[in-house]
Amino acid sequence: MSAPFSFQFGARLPDRLGRAGVITTPHGAIATPAFIAVGTKATVKSVLPESMADLGAQAVLANAYHLYLQPGPDIVEQGGGLGAFMNWPGPTFTDSGGFQVLSLGAGFKKVLAMNVDGRQSDDVIAPGKSRLATVDDDGVTFKSHLDGSLHRFSPEISMGIQHQLGADIIFAFDECTTLMNTRTYQEQSVLRTQLWAQRCLTEHRRLTAERVGKPFQALFGVVQGAQYEDLRRQATRGLVALGDGADGVTDDGFDGYGIGGALEKHNLGTIVRWVCEELPEDRPRHLLGISEPDDMFTAIENGADTFDCVSPSRVARNGSIYGESGRYNLTNARFRTDYGPLDDDCDCYTCANYTRAYVHHLFRAKEMLSATLSTIHNERFVVRLVDRIRASIDGGYFADFRADFLGRYYRRDATVATAAPGT
Ligand SMILES: [Zn+2]
C-alpha cells in the first residue's frame with residue numbers, strides 16, 4: 001500500500017530553490033508548483049466544483065474560522081467532511097483560522113494592503129473598527145464578525161475543528177502578526193507560535209490515533225517572523241526541530257510547512273528564500289495567500305511548492321479580467337460591442353462560448369452569471385499559468401518564460417491604467 005501522504009520532487013531550477021514535484025494525498029495527487037483555489041466557505045464563489053475540476057484546479061483551500069462559525073464543524077463532519085460536503089472529490093486544505101481570528105477580529109485592514117510607513121504599534125486598529133480579539137499565551141479570544149458572539153481558539157481547539165472538517169492538508173494554529181507590530185512583539189510572537197506548534201503537533205497525533213477508518217490528514221507547521229531574517233530563520237529551525245526527536249516523540253514532525261504572516265511585494269521572494277533555505281527538501285512548502293502573477297513566479301523561484309490566492313475569483317466578481325497582455329476591466333464601455341473572447345489565448349469554457357460584449361452586458365445588468373463566467377476565466381488563467389511555469393521548470397526554460405510572460409503582462413497593464421483610470 002502506498003503512503004497516504006507523500007512528496008516527491010524532480011526537476012529543480014539552477015541556483016534557485018524552486019522545484020517541480022508531486023504531493024500525494026488520500027484524495028489524489030497535486031503536481032507542483034500548484035495554485036490552490038480558495039473556497040473560503042466551502043465554495044469557490046459562484047462556480048460549480050465540476051467547473052473547477054474542468055478548468056484544471058487541483059485542490060481547494062477552505063477556512064477553518066469561517067466554517068467553524070458557519071455552519072459549524074459538526075455539520076461539515078456529519079456531511080462526510082469538507083470534500084464530500086462541498087462535492088469536491090479532489091484534495092482539500094484548510095487554513096487554521098489564525099489569520100482570520102486576528103485580522104477580522106482585531107479589525108486590521110488586509111495585511112498586504114496596509115500602509116505602514118512610519119507607523120509601528122502593537123495596538124493599531126483600523127479606522128471605524130473596535131478591537132474584537134485578544135491574544136494570550138494559551139490562545140485567542142475573539143468576537144464573531146457575524147453576530148458579535150464570543151469565541152476562543154487555542155491550538156487544541158483549532159486542531160479539533162480541522163480534524164472535524166477533515167481536509168487532506170491542515171495547518172498549525174499560529175499568531176499572524178502585522179507589519180505594524182514592534183520588533184519586540186514579533187520576537188514574543190514567534191516564541192508563542194513555536195509553543196503553539198508543539199501543542200498542535202501533540203493534539204494532532206492524539207486525534208490521528210483516534211481517527212480510525214478516516215483518511216489521513218497531513219499537518220503543516222506555519223512559519224512566522226514578519227520581515228526579520230533572524231526571526232524567520234529561528235522560527236523555521238524551531239518548527240523543523242519538532243520532528244527530530246527533541247520533543248521526545250520520534251516521528252517525522254510536520255508533514256510540510258506553511259509560510260505565513262506579513263509579506264510585502266518587495267520582500268516576498270527574500271522571505272520565502274530565507275525560510276526555504278532552512279526547511280528540509282523532502283517536505284512540501286505552502287505560501288499562504290499571494291495575489292499577482294509576478295508574485296507567483298517569485299514565490300515558485302524561491303521554493304514555494306503550492307500557494308493559495310483569492311484574487312482570481314475576488315477581482316473577477318468586480319469585472320477585472322486576467323489576460324496575456326495584462327489585467328483589464330470588462331465593465332469599461334469600450335467592451336460594449338467587443339465580440340471577441342475575454343482573452344485571445346485562453347482555452348477556458350467562458351472564452352470558448354461567450355464574448356466580451358455579452359459578459360460586459362451581464363456585469364452592467366448585475367446578472368449573477370457575470371461572476372460565474374468571469375471567475376471561470378480568471379481561475380483557468382492562473383491554473384494554466386502555473387501549469388506553464390511547472391512545464392518551464394521541467395523543460396529548463398523558467399527564466400525565459402518568466403521574462404516573456406511578465407514582459408507582455410505588465411506592459412499592457414500600464415497602458416490600460418492610463419486609458420481607464422481605476423481599472
Ligand atoms: Zn478564458
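Residues numbered from 1 in each chain as written. Predicted model: local features only at pLDDT ≥ 70, side-chain atom pairs only at ≥ 80, totals over all residues.

Engineer: Help me understand the nonpolar core, please; the structure alone is not making it clear to me.
Structural biologist: Across soluble globular proteins, you tend to see nonpolar side chains buried next to one another. The biggest cluster of nonpolar side chains holds 106 residues, and the ones touching the most others in it are Phe35, Val60, Ala172, Phe220, Val272, Ala299 and Phe307. Of the residues forming this core, the biggest block, 9 residues, is contributed by helix 14 (residues 369-395). When residues of this core are assigned to domains, at least three map to each of domain 1 (6-309) and domain 2 (320-419). Once you skip the residues sitting within four places of it in the chain, Val272 turns out to touch Ile259, Leu287, Ala299, Asn302, Gly303 and Ala304. (Core = buried A, V, L, I, M, F, W, Y, C linked by C-beta atoms within 7 Å. Buried ≥ 20, exposed ≤ 12 C-beta atoms within 10 Å, placed from the backbone. Helix = DSSP H or I, 4+ residues; strand = E, 2+ residues; numbered from the N terminus. Domains from an automatic or database assignment. Contact = placed C-beta atoms within 7 Å.)

Engineer: Is there a simple way to think about helix 9 (residues 268-278) in this case?
Structural biologist: Note on helix geometry: an α-helix contains 3.6 residues per turn, so any two residues three or four positions apart are oriented the same way. Of all 11 residues making up helix 9, 8 are buried, and the element is well covered by its neighbours. Each element contacted by the buried residues of helix 9 is listed here: strand 11 (218-223), helix 8 (229-241), strand 12 (256-259), strand 13 (285-287) and helix 10 (293-301).

Engineer: Explain the confidence of the model for the protein to me, please; I cannot follow it from the model alone.
Structural biologist: Residues shown with low pLDDT carry predicted positions that ought not to be read at fine detail. Per-residue pLDDT for the protein has a mean of 89; in total, 88% of the residues score no lower than 70. Predicted confidence is poor over residues 413-423, with pLDDT under 50, and the contacts of this stretch with residues over four places away or in other chains come to 11 contacts. (pLDDT = per-residue confidence, 0-100.)

Engineer: Which parts of the structure should I look at to understand the sheet that holds strand 11?
Structural biologist: In a beta sheet, neighbouring strands are held together by backbone hydrogen bonds and run either parallel or antiparallel to one another. Spatially, the 8 strands close up into a barrel ordered 4-5-6-10-11-12-13-14, and their pairing is parallel. Strand-to-strand, the axes of this sheet are offset by a mean angle of 30°, without reference to chain direction. Where strand 4 (residues 34-38) meets strand 14 (residues 306-309), 4 bridges bridge the pair, whose relative direction is parallel. Of the residues in strand 14, the one forming a bridge with Ile36 is Asp308. (Pairing = 2+ DSSP bridges. Axes fitted to C-alpha atoms, helices over the stretch in contact; angles between N-to-C directions.)

Engineer: What's the story with the environment of Arg19 in this structure? I'm lost.
Structural biologist: Assignment of secondary structure puts Arg19 in strand 2 (residues 19-25). Put simply, Arg19 and Glu301 are 282 residues apart on the chain and 7.8 Å apart in space, counted from C-alpha to C-alpha. The residues touching Arg19, leaving out its near neighbours within four places in the chain, are Phe9, Ala11, Arg12, Leu13 and Ile393.

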